[in-house]
Amino acid sequence: MSSILTNNSAMVALQTLKSVNSNLAKTTDMISTGKEIGKAKDNSAIWAISKVMESDVSGFKAISKSLALGESTVAVASAGAEQITNILKDMKEKVVAATGENVDYTKLTDDVNELKAQITSIIGASQFNGANLLNTAGNAGLTVLSSIDRDAAGAVTPQNITVASVDFEANLDLSNILVDDATNAEASIALLEAHIQTAVDGAAALGASEKRIADQGDFVSKLTDAMKSGIGALVDADMEETSARLQALQVQQQLSTQSLSIANQAPQAILSLFR
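None of the values given here were measured: they were computed from a predicted structure. (Residues numbered from 1 in each chain as written. Predicted model: local features only at pLDDT ≥ 70, side-chain atom pairs only at ≥ 80, totals over all residues. Heavy atoms only, no water.)

1. Some points on the overall build of the protein chain
Stage number 1. The helix and strand tally for the protein chain stands at six helices and four strands.
Stage number 2. For the protein chain, the sequential pattern of α-helices and β-strands runs α-α-α-β-β-β-β-α-α-α.
Stage number 3. Taken against the 2.2 N^0.38 rule, which gives 19 Å for 275 residues, the C-alpha radius of gyration of the protein chain at 38 Å runs more than 25% over that of a compact globule.
Stage number 4. Overall, the protein chain is about 140 × 35 × 20 Å in size when its C-alpha atoms are taken along their principal axes.
Stage number 5. Among the 275 residues that make up the protein chain, the fraction classed as buried is 31%.
Stage number 6. Contacts in the protein chain between residues at least 24 apart in sequence constitute 77% of all its contacts with a sequence separation of at least 6.
Stage number 7. With 20 positive and 32 negative side-chain charges, the protein chain shows a separation of 20 Å between the mean positions of the two kinds. (Helix = DSSP H or I, 4+ residues; strand = E, 2+ residues; numbered from the N terminus. Rg over C-alpha atoms; globule rule 2.2 N^0.38 Å. Buried < 20%, exposed > 50% of the residue type's maximum accessible area, 1.4 Å probe, protein only. Contact = heavy atoms within 4.5 Å. Lys, Arg positive; Asp, Glu negative; His and termini not counted. Charge placed at Lys NZ, Arg CZ, Asp CG, Glu CD.)

Laid out in C-alpha cells, this is it:
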C-alpha cells in the first residue's frame, strides 16, 4: 500500500543516516583526541579504571621527586662521611708519628687540630635543603616517601624509607685524641681506631641507604611507564583501525544520503495515479 502520509522507506533511510552520522562523529572525536574512551559514557567501567590509574601515575610522579630529594640529601651526607673517614686516616698517620722519639709535638698538635677543625667543618656543611644526617640537629634522621600501595579493595597505603642519622657530631668526639707527647699519642691510637670504625660504619650505612633510595627511584620510574602503557592500552584509539573506519563511514554516509533521497522521491509516483 502506498501512502502520502507515511513513508516507511524514508524513515528507515533516515534512521540509518542518523546512526552513520553518530558513528562518524564518534570516530572523528577519537581521531582528534586519540582516545577511544575519553568520557564516562563511552565505557564507564574502563573509564573509571583509567582515572584511578591516572591518579596513581600522578602520585608516583610526586614520589619520584621525593625520592630524588631524599637521594640528594643522603648523597651529600654520604660524601661528607667518606671524606671524614679519609681525614681520620690522615690523622692516624700524625698520631702514629707522634709516638716516635725526637719529633716536633707542637707541629703535630697543630696538624691534628687542623684536621679536627676540618672534620667539624665538614659535619656542619654536609646538609641539603637544611637536612643534615651528620650532626645532632639531624639526629631524627630522614623519612622519604617511597611508594603508594593500592590493595584489591582500593585502599591506599603510603610506604616510607627511613634513613637514620649517623650523628658524627656526638659519636666522633675527637677531644681525646692528643699528640702532645708520646704517651698520649700512643693511647690515642686505639681511640682513633674506634673513631675510624665509627666513621666507616656510618659512611657504609649512608651509602646503603643512598643505593636503596636510588633503586626505588628507578623502580618507580619503570612502574610509572608501565602504568602509562596500561592506561594507553585501555583508552587509546587504534589509529590504523580508526582511519579505516572513518573512510568506511564516509562512504556509508554518502550511500545513506542517496538512499534517503530516493525514498523521499517515492511519493511522487503516486501523482501518476491521478493523471
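Further notes follow.
2. Observations concerning the pairing of strand β3 (residues 142-150)
Stage number 1. As paired strands, β3 and strand β4 (residues 156-163) are joined by eight bridges and run antiparallel to one another. Bridge pairing in β4 places L145 opposite N160.
Stage number 2. Counted between consecutive antiparallel strands, the loop separating β3 from β4 contains five residues, among which G154 sits at a positive phi close to 95°. (Pairing = 2+ DSSP bridges.)

3. What to know about the environment of A266
Stage number 1. Checked against the element boundaries, A266 lands in the segment after α6 (239-265).
Stage number 2. Sequence spacing of A266 and L172 is 94 residues, and the spatial spacing of their C-alpha atoms is 103 Å.

4. Describing the side chain of Q216
Stage number 1. Relative to the elements of secondary structure, Q216 occurs in helix α5 (residues 182-235).
Stage number 2. Beyond its immediate stretch of four places on either side in the chain, Q216 contacts L67, S146, S147 and I161.

5. Structural notes on α6
Stage number 1. Over its 27 residues, α6 extends 39 Å from the first C-alpha to the last, a length consistent with the 39 Å expected when each residue adds 1.5 Å.
Stage number 2. Contact partners of the buried residues in α6: α1 (8-33).
Stage number 3. The N-cap residue of α6 is D238: its side-chain oxygen and the backbone nitrogen of E240 are 3.2 Å apart. (Expected span 1.5 Å × (residues − 1). Polar contact = N/O pair within 3.5 Å; in protein donor to acceptor, adjacent residues only side chain to side chain.)

6. Quick look at the nonpolar core
Here is a general trend for soluble globular proteins: nonpolar side chains tend to be buried in one another's company.
Stage number 1. By size, the foremost hydrophobic cluster in this structure holds 44 residues, and its most contacted members are I84, L88, M91, L134, F168 and L206.
Stage number 2. Of all the secondary structure elements, the ones that give two or more residues to this core are α2 (44-97), α3 (105-125), β3, β4 and α5.
Stage number 3. Looking at this core element by element, the count peaks at 13 residues for α2.
Stage number 4. Leaving out residues up to four positions away in the same chain, L206 has contacts with V74, A77, S78, A81, L133, L134, V163, A164 and V166. (Core = buried A, V, L, I, M, F, W, Y, C linked by side-chain atoms within 4.5 Å.)

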